[in-house]
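Fold and contact review
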Amino acid sequence: MADDSIRLHYTVPGDDFTRAGEASADLKSRMKKLGLPPGAIRKVSIALYEGEINLAIHAHGGDIDVEITDDEVRMVLSDQGPGIADISLAMSEGWSTAPDEVRSLGFGAGMGLPNMKKYSDEFDIQSAVGVGTTVTMAVKTA
Amino acid sequence: MTISQIIETLDAELLTPDADVAREVHAACGSDMMSDVLAYVKDQAVLLTGLNNPQVVRTADMMDMVCIVFVRGKRPDEMILRLAEARDIAVMTSKMTMFTACGLLYEQGLRGGVG
Ligand SMILES: Nc1ncnc2c1ncn2[C@@H]1O[C@H](COP(=O)(O)OP(=O)(O)O)[C@@H](O)[C@H]1O
Ligand SMILES: [Mg+2]
């Protein structure tokens, strides 16, 4: 029921890589308290975590809106970053524009978007160069 | 194997003294690329890494991992240790290289799990 849905909003800072992951950690603990299935919790956590990392390293930060309903968790990640010129290239495993300093922190393997798609039951990405990127992911919980 | 057996095998130092070292570990993953770790779900796993930053703990947390081994003598700072403690993740440091540490755990019967 839409009336019973829980809505959450997170802001991901673009200048502090060490804080990326706070939103996914918070959502994870909330889902646990709600008694949602562990498999679904893990899928949401991983997908959102990769999304948060992308907002921090590629888009100078952004916003996350989450809606938890009866049967799914829906996440919308939006940013006003540089956008993505070739989405199918960005979606391919191993493709990354991350600078060396990001790689030395353990990210930039070009597996983020593929992982996000893999762990969500529904995945959509819209992007325009110079405007920004919006990623929508949903994971079924029932 | 248990966390305490890992400590023994890797001649490691436990940095989270309150951790339950009797916990069972079923799989292992050795990597410095966190997205590779996130690509394959393993059950009750240990993460071995040469990387030293808070994202190591966050990655382990998202994967419900129970233990992190920092290889080559890397020592995480207090902030990283507190993050791990809050999530019931045992943290240790070993002087061994990634290759040697993984090899010894493999020899003890630990496997990579799926993927
Ligand atoms: N929110 C975003 N804004 C701009 N570019 C992005 C965004 N997300 C991903 N990208 C682009 O897509 C590429 C692939 O992303 P991803 O699969 O997460 O790999 P990685 O983050 O390791 O580079 C990135 O290197 C970047 O060029
Ligand atoms: Mg990424």
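This section reports on the structure supplied with the text. (Residues numbered from 1 in each chain as written. Chains lettered and ligands numbered in written order. Predicted model: local features only at pLDDT ≥ 70, side-chain atom pairs only at ≥ 80, totals over all residues. Heavy atoms only, no water.)

1. Comments concerning the sheet that holds strand 1 (residues 13-14) of chain B
All names here are of chain B. Stated formally: Note on pairing: DSSP must find at least two bridges between two strands before they are called paired. The numbering of helices and of strands both runs from the N terminus, where a helix is a DSSP run of H or I of at least 4 residues and a strand a run of E of at least 2. Two residues form a contact once any of their heavy atoms are found within 4.5 Å. Axes here mean lines fitted to C-alpha atoms, for a helix over just the part in contact, with angles spanning 0 to 180 degrees between N-to-C directions.
The five strands lie next to each other as 1-5-4-3-2, forming an open sheet whose pairing is mixed. Because the sheet does not close on itself, it has two edges, and the strands there are strand 1 and strand 2 (27-30). Inspection of the sheet shows strand 1 paired to strand 5 (residues 90-93) by two bridges, in the antiparallel sense. Across the sheet, residue E13 finds its bridge partner in strand 5, namely T93. Contacting strand 2 and strand 3 (45-49), helix 5 (residues 98-107) crosses the sheet at an angle of about 155° to strand 3.

2. Focus on helix 1 (residues 22-33) of chain A
All names here are of chain A. Counted only if it meets this: To estimate the expected span of a helix, subtract one from its residue number and multiply by 1.5 Å. Residue burial is assigned from relative accessible area. The probe radius is 1.4 Å, only protein chains are included, and a residue is buried under 20% of its type maximum, exposed over 50%, and partly exposed in between.
With twelve residues, helix 1 ought to run about 16 Å at 1.5 Å a step, and its terminal C-alpha atoms sit 17 Å apart, in line with that. Those residues of helix 1 not exposed but buried are A23, S24, A25, L27, K28 and M31. Phi for G35, located one or two positions after helix 1, is positive at around 75°.

3. So, the interface of chain B and chain A
We apply this condition: Take the accessible area each of two parts loses on contact, using a 1.4 Å probe, and add the two losses: that sum is the buried area. By salt bridge we mean one thing: a side-chain nitrogen of Lys or Arg within 4 Å of a carboxyl oxygen of Asp or Glu. For this analysis, a polar contact is any N or O atom pair within 3.5 Å, provided that within protein one partner can donate a hydrogen and the other can accept it, and provided that sequence-adjacent residues contribute only side-chain to side-chain pairs. Under this grouping Gly is polar, as are all residues other than the nonpolar Ala, Val, Leu, Ile, Met, Phe, Trp, Tyr, Cys and Pro and the charged Asp, Glu, Lys and Arg.
Listed as interface residues are 22 residues of chain B and, on the opposing side, 27 residues of chain A. Summing both sides of the interface, chain B and chain A together bury roughly 1,900 Å²; the carbon and sulfur share of this comes to 55%. Summed over the shared surface of chain B and chain A, the number is four salt bridges. Residue D61 of chain B is joined to K28 of chain A by a salt bridge in which the shortest nitrogen-to-oxygen separation is 3.1 Å. Applying the counting rule to chain B against chain A returns 17 residue pairs in polar contact (both at pLDDT 80 or more). Sorting the residues of the side of chain B that touches chain A by element identifies helix 2 (34-39) and helix 3 (54-62) of chain B as the ones contributing at least two each. For the side of chain B that touches chain A, the element with the highest residue contribution is helix 3 of chain B, accounting for six residues. Split by residue class, the side of chain B that touches chain A holds ten nonpolar, four polar and eight charged.

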